[in-house]
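Fold and geometry: a report
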Amino acid sequence: MGKLVIDGNCVYEIDEECIRRKENQEKGQREMDKRRGRPASPERESYSRNWMGV
């Protein structure tokens, strides 16, 4: 079951499974970048943290 977000008259459902998949993909991408010697993108990390309210 997802989380509900109420914003005024609007109600949104957050698909937690989709969020988990996306986080796992991003984590895998960061690990691949690390292996290739690329710096991590701070924009990607801050976006996901802000979006999740963490």
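Predicted, not measured: the structure shown is a model, and the values here were computed from it. (Residues numbered from 1 in each chain as written. Predicted model: local features only at pLDDT ≥ 70, side-chain atom pairs only at ≥ 80, totals over all residues. Heavy atoms only, no water.)

Moving on: the pattern of salt bridges. Summed over all chains, the structure comprises 2 salt bridges. Where Arg 21 meets Glu 17, a salt bridge forms, and the shortest distance between an N and an O atom there is 3.7 Å. In this pair, Arg 21 and Glu 17 both sit in helix H1 (residues 16–36), 4 residues apart, roughly one turn of the helix. In this structure, Lys 22 engages Glu 26 in a salt bridge whose closest nitrogen and oxygen atoms are separated by 3.5 Å. Of the two residues, Lys 22 and Glu 26 are both situated in helix H1; the distance of 4 residues between them amounts to about one turn of the helix. We classify Lys 22 as partly exposed; its relative accessible area is 41%. (Salt bridge = Lys/Arg side-chain N within 4 Å of Asp/Glu carboxyl O. Helix = DSSP H or I, 4+ residues; strand = E, 2+ residues; numbered from the N terminus. Buried < 20%, exposed > 50% of the residue type's maximum accessible area, 1.4 Å probe, protein only.)

To continue, consider the confidence of the model for the protein. In the predicted model, the protein carries a mean pLDDT of 79, and the fraction of residues at 70 or more is 69%. Summarising per-element confidence for the protein, the mean pLDDT is lowest in helix H2 (residues 42–52) (57) and highest in strand E2 (residues 10–14) (93). (pLDDT = per-residue confidence, 0-100.)

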